[in-house]
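One letter stands for each residue in the lines below.
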Amino acid sequence: MAERDTGLFAPITISQKATDYARQLRKEEDTNYDESDNKYDAIRHIGGVLALYAQYPDIASDVVTEGKEVLDKYLLGGSERSREMDEHNNEIARELYRMLPEEDADKLTTEQAM
């Protein structure tokens, strides 16, 4: 059984698991899609952010998710369209998290979130 991701570097672990999951889906569906701005990117964002909120304090999750989008906007040169899609997907994940019963959210693993 998968365990929850904890500790200081949990956001990195969660992000990597979400990326790996999306890549595996692409392979299973035999696609050559780019990793961004498509359904696989949305799945990666929604699952990863849901897992982050379920396993990490909300304020820390806010900092991680919002910080990434600020970096993209001001330092990494991500497109506005891509950033808007990411923010939209992040909000979907937050809403799913809020909808979970507390006892389920407290047990949710990254693998389950995906």
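Just above sits the structure.
Reference entry: report on the structure contained in this document. Quick caveat: nothing in here was measured; it's all calculated off a predicted structure.

This next bit is on the overall build of the chain. Of regular secondary structure, the chain possesses six helices and zero strands. Scanning the chain from its N terminus toward the C terminus, one meets helices and strands in the order α-α-α-α-α-α. What you see for the chain is a C-alpha radius of gyration of 14 Å, in line with the 13 Å of a compact globule of 114 residues. Taking the principal axes of its C-alpha atoms as reference, the chain extends roughly 35 × 35 × 25 Å. The buried share of the chain, reckoned over its 114 residues, is 39%.

Attention shifts here to the packing of aromatic side chains. Scanning the model with the defined rule gives one aromatic pair in all. Judged by centre distance (5.8 Å) and plane angle (45°), the ring pair of Tyr53 and Tyr97 falls under tilted. You can see Tyr53 sitting in helix α2 (residues 39–55) and its partner Tyr97 sitting in helix α4 (residues 80–99), a full 44 residues away along the chain.

This paragraph deals with the layout of surface pockets. Roughly 320 Å³ of internal volume is contained in the largest pocket. Along the walls of the largest pocket sit 17 residues, with Ser15, Arg44, His45, Val49 and Lys68 positioned nearest its centre. Those elements that provide at least two residues to the lining of the largest pocket are α1 (10–28), α2, α3 (58–76) and α4. Taken together, the residues that form the lining of the largest pocket break down as seven nonpolar, five polar and five charged.

Below, the discussion takes up the packing of α1 against α2. Following both chains from N to C, one finds α1 and α2 inclined at 150°, their axes separated by 9 Å at the closest point. If you check the angle between α1 and α2, you find them roughly antiparallel. As α1 runs across α2, the sense of the crossing is right-handed. Residues Pro11, Ile14, Ala18, Thr19, Tyr21, Ala22, Leu25 and Arg26 of α1 form the contact with α2, whose participating residues are Tyr40, Ile43, Arg44, Gly48, Ala51, Leu52 and Gln55. In terms of residue class, the contact of α1 with α2 is built from ten nonpolar, three polar and two charged.

Our focus in this paragraph is the environment of Tyr56. The topology assignment puts Tyr56 in the loop between α2 and α3. Taking relative accessible area as the criterion, Tyr56 reaches 17% and is therefore assigned buried. Sequence separation between Tyr56 and Gly7 is 49 residues, and the spatial gap between their C-alpha atoms is 8.8 Å. When residues no more than four places from it in sequence are discounted, the contact partners of Tyr56 are Gly7, Leu8, Ala10, Pro11 and Ser61.

Quick look at unusual backbone geometry now. Trans is the prevailing form of peptide bonds, just as negative phi is the prevailing case for residues other than glycine. For Asp30, which is not a glycine, the phi torsion comes out positive at approximately 50°. Looking at where Asp30 falls in the secondary structure, it is placed in the loop between α1 and α2. Of the residues examined, Asp30 reaches a relative accessible area of 69% and is grouped as exposed.

Criteria and cut-off values
Starting from 1, residues in each chain are numbered consecutively following that chain's sequence as written. Totals for whole chains, interfaces and linings use every residue, but because this is a predicted model, local features are given only for residues with pLDDT of at least 70 and side-chain atom pairs only at 80 or more, for both listing and counting. Here the side-chain values reflect all heavy atoms present in the structure, with hydrogen atoms and water set aside. A helix here means a DSSP run of H or I that spans at least four residues, while a strand means a run of E at least two residues long, and both kinds are numbered starting from the N terminus. To get the radius of gyration, use the C-alpha atoms; to get the globule rule, take the number of residues to the power 0.38 and multiply by 2.2 Å. Burial status follows relative accessibility: with a 1.4 Å probe on protein chains alone, a residue under 20% of its type maximum counts as buried, one over 50% as exposed, and anything between as partly exposed. Ring pairs are drawn from Phe, Tyr and Trp, using the six-membered ring of Trp, whenever the two centres fall within 6.5 Å, and their geometry is named by plane angle: stacked under 30 degrees, edge-to-face over 60, tilted for the rest. Using a 1 Å grid laid over the protein atoms alone, points where a 1.4 Å probe fits but cannot get out form a cavity; open sets with protein on both sides within 12 Å along at least 5 of 7 lines form a pocket; any residue with an atom within 4 Å of a point counts as lining. Grid points are joined across faces, edges and corners, and a volume is the space filled by probe spheres set on the points. In this classification, Asp, Glu, Lys and Arg are treated as charged, Ala, Val, Leu, Ile, Met, Phe, Trp, Tyr, Cys and Pro as nonpolar, and every other residue, Gly included, as polar. As a rule, the C-alpha atoms of each element are fitted with a line to give its axis, helices using only the stretch in contact, and angles between N-to-C directions run from 0 to 180 degrees. Working rule for angles: under 35 degrees goes down as roughly parallel, over 145 as roughly antiparallel, 65 to 115 as roughly perpendicular, anything else as oblique. Left-handed is the label given to a crossing in which the near helix is rotated counterclockwise from the far helix by less than a right angle, and right-handed is the label when the rotation is clockwise. Whether two residues touch is decided by their heavy atoms; if any such pair falls within 4.5 Å, the residues are in contact.

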